[in-house]
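Here is how the chains run, residue by residue.
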There are 2 protein chains.
Amino acid sequence: MSEPIIFYDIPSINVGTWSPYTLRTRYSLNIKGVPYRTVWVEYPDIAALSKQIGAAPTGKSADGTPLYTLPAIYDPNTKTAVSDSGKIARYLDKTYPDTPKLIPAELDVLTAAFEDAFSAAIPRPDYAPIIIPGAFNILRPGSQPYFRQTREAALGAKLEDLAPPGSETRANLWAKVRKDAIKVNAWYEADGNKDKTFVLGAHAGVTYADVIVAAFFAWFKKSLGEDSQEWKVIAAWNGGRWGKLLDAFEKYGAVDAGEEVRLQV
Amino acid sequence: MSEPIIFYDIPSINVGTWSPYTLRTRYSLNIKGVPYRTVWVEYPDIAALSKQIGAAPTGKSADGTPLYTLPAIYDPNTKTAVSDSGKIARYLDKTYPDTPKLIPAELDVLTAAFEDAFSAAIPRPDYAPIIIPGAFNILRPGSQPYFRQTREAALGAKLEDLAPPGSETRANLWAKVRKDAIKVNAWYEADGNKDKTFVLGAHAGVTYADVIVAAFFAWFKKSLGEDSQEWKVIAAWNGGRWGKLLDAFEKYGAVDAGEEVRLQV
């Protein structure tokens, strides 16, 4: 490869990559050690940017129109745009076979199922009212109004009213997320061994399944604040599993020193 | 090992092992080639049998009391009773390490997640009204009244009224299950390769993840009848994936020639 891959990410005011989806790609690129540079894209620009680079929509909006989301990458070496973190991981594995595999071929089915299993085990309604308002607070002004409008429409209330700190609603949601995390933890301990940090165990490397879990909890950590009491409680759940996982992923969260561009579509 | 493992299974009138859970253990034992003999246990006897051999409950009944289910095994070589198909698979892998591994150590987390992912992807309310009445029809008289009473209480209607053949309800449920199967199929084809029969792919062996999927669809096949039009339609879904999987599993469904005992608790 001669030119760095362009990685389109969503900026924050001070915590680097924060989105649980773009963080999957940040981790993926850093794990593989593939040269890349980041282009930061504010929310209102994502659809136009995606169309401009030729990245496919990843779903449908509530009104039935195509939904464009980040992460997306553009690889100038192959003149290919790819959206969706899982598709990006598979593209990178295939296109750069001499770098560490995110999804070894024989684990492809299990990893695809793992992605769905994780989403089903910790369902969005359990955490969105807590985490989305936190995420709003770490966004730049270029994304905040768009984020507020779309999320309040989807969640049906003002962000500040969803689950205010100290409310019974918030306490009940945390109790649910705690139960959800116990379900995920049970996968790690199904064989009675509680010492696995990574999904493949102590003696195998990090894979995309770990990326999914780490990106999710890193989002919690960044949205709540790493010094917050709420994050400290989560980091200690399940024998400290989630805190330890993020410690192991610290190095993969590094934002490239390369050019950082605010896109103006 | 000197003595065969005792495998407690639920009998049918003419299709061998039919329960999607005991079938997992039948497949597991046959894949490993571990000597065993079957003891057939009718539904009303399951709880007493489980307590008698020392098999742990696998959940709670609606009234909060311990729920005992099959499969269970008793291994006279280690004097150990194990219930729950996943726990049995892990017990067999650990206790008989020289037989083919159902869950290679590095795949334990992914396999535990796969089990949850599969249950979440094809949820019980989508298929129970169709399949449960079919299952009733293949039970022996020793289990039918118990099965009818407990399932009608859980599903809230007479078995015959849940989704009668030809009804709009049945057609709508099939449409849901069809969508569910497409989700599971997407895991198999996430990397663009549509030719995998087994979860680990063409060049790796059968594992417990395959056992879960095969046991589920075999239950459909046996409850609907292998010559039924409904089963033929399912067998052809997703490029014939489910039909081909059951063909590959045919040999693992063999019922042991050993002693078959009707338990009298």
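The rules behind the values
- Residues numbered from 1 in each chain as written.
- Chains lettered and ligands numbered in written order.
- Predicted model: local features only at pLDDT ≥ 70, side-chain atom pairs only at ≥ 80, totals over all residues.
- Heavy atoms only, no water.
- Helix = DSSP H or I, 4+ residues; strand = E, 2+ residues; numbered from the N terminus.
- Rg over C-alpha atoms; globule rule 2.2 N^0.38 Å.
- Areas by Shrake-Rupley, 256 points an atom, 1.4 Å probe, with all protein chains shown as cover.
- Lys, Arg positive; Asp, Glu negative; His and termini not counted.
- Charge placed at Lys NZ, Arg CZ, Asp CG, Glu CD.
- Core = buried A, V, L, I, M, F, W, Y, C linked by side-chain atoms within 4.5 Å.
- Buried < 20%, exposed > 50% of the residue type's maximum accessible area, 1.4 Å probe, protein only.
- Contact = heavy atoms within 4.5 Å.
- Phe/Tyr/Trp six-rings, centres within 6.5 Å; stacked < 30°, edge-to-face > 60°.
- Domains from an automatic or database assignment.
- Buried area = accessible area lost by both parts, 1.4 Å probe.
- Salt bridge = Lys/Arg side-chain N within 4 Å of Asp/Glu carboxyl O.
- Patch = residues over 30% accessible without salt bridge, like charges linked within 9 Å, V, L, I, M, F, W, Y side chains within 5 Å.
- Least-squares fit on C-alpha atoms with pLDDT ≥ 70 in both.

Let's shift gears to the overall build of chain A. Each helix and strand in chain A was counted, giving 10 helices and 7 strands. Rg of the C-alpha trace for chain A: 18 Å, near the compact-globule value of 18 Å for 265 residues, within the 12% margin. Expressed along its principal axes, the backbone C-alpha trace of chain A runs to roughly 50 × 45 × 35 Å. Entry remark: accessible area of chain A is about 11500 Å², with carbon and sulfur atoms responsible for 53%. The averaged location of the 31 negative side-chain charges in chain A is 2 Å from the averaged location of its 30 positive side-chain charges.

Generally speaking, a soluble globular protein has its nonpolar side chains buried in company with each other. Grouped together as the largest cluster of nonpolar side chains are 151 residues, with contacts concentrated most on Phe220 of chain A together with Phe220 of chain B. Once residues within four sequence positions are removed from consideration, phenylalanine 220 of chain B is found in contact with Tyr127, Ile131, Trp174, Val177, Gly225, Trp231 and Ile234 of chain B.

Glancing now at the packing of aromatic side chains. Scanning the model with the defined rule gives 46 aromatic pairs over all chains in all. Ring geometry for tyrosine 127 of chain A versus tryptophan 219 of chain A: centroids 5.6 Å apart, planes at 85 degrees, classification edge-to-face. Placement of tyrosine 127 of chain A in helix α5 (residues 124–137) and of tryptophan 219 of chain A in helix α9 (residues 208–224) is noted, with a sequence separation of 92 residues between them. Among the residues examined, tryptophan 219 of chain A registers a relative accessible area of 4% and is labelled buried. With 6.2 Å between their ring centres and 85 degrees between their planes, tryptophan 18 of chain B and phenylalanine 147 of chain B make a pair best called edge-to-face.

Now for the domain arrangement of chain A. Residue and element names in this part refer to chain A. According to the domain assignment, chain A consists of domain 1 (5–100 + 253–262) and domain 2 (108–251). Taking the mean C-alpha position of each, domain 1 and domain 2 sit 20 Å from one another. On the side of domain 2, 26 residues touch domain 1, which itself brings 22 residues to the contact. Between domain 1 and domain 2, a total of about 2300 Å² is buried, with carbon and sulfur atoms accounting for 60% of that surface. Three residues stand out in domain 1 for area buried against domain 2, namely Trp18, Arg24 and Tyr43, and they jointly supply 27% of the buried area on that side. Counting across the interface, domain 1 meets domain 2 through 2 salt bridges. Between aspartate 108 and arginine 90 there is a salt bridge, with its nearest N and O atoms 2.9 Å apart.

This part is about a negative patch on the surface. A cluster of acidic side chains, namely Glu226, Asp227, Asp247 and Glu250 of chain A, defines a negative patch on the protein surface. Among the secondary structure elements, aspartate 247 of chain A is positioned in helix α10 (residues 229–249).

Attention shifts here to the relation of the copies chain B and chain A. When chain B is brought onto chain A, the operation consists of a screw motion whose angular component is 180 degrees and whose axial shift is 0.0 Å, with 0.0 Å RMSD remaining. Such a combination of rotation and displacement between the chain copies is what one expects of a two-fold axis. Using C-alpha coordinates, one finds that chain B approaches the rotation axis most closely at alanine 117 of chain B, a distance of 2.2 Å. When the interface residues of chain B are mapped onto chain A, 100% of them again lie at the interface, so the same face is used by both copies.

Residue and element names in this part refer to chain A. A cis amide bond links leucine 70 with the next residue in sequence, proline 71, at an omega value of 15 degrees. Relative to the helices and strands, proline 71 resides in the loop between β4 (66–67) and β5 (72–75). Of note, lysine 79 is a non-glycine position whose phi angle comes to about 55 degrees, a positive value. For lysine 79, the location among the structural elements is in the loop between β5 and β6 (80–83). The backbone of asparagine 238 shows a phi angle near 50 degrees, a positive value even though the residue is not glycine. With respect to the element layout, asparagine 238 can be found in helix α10. When its relative accessible area of 14% is taken as the criterion, asparagine 238 is described as buried.

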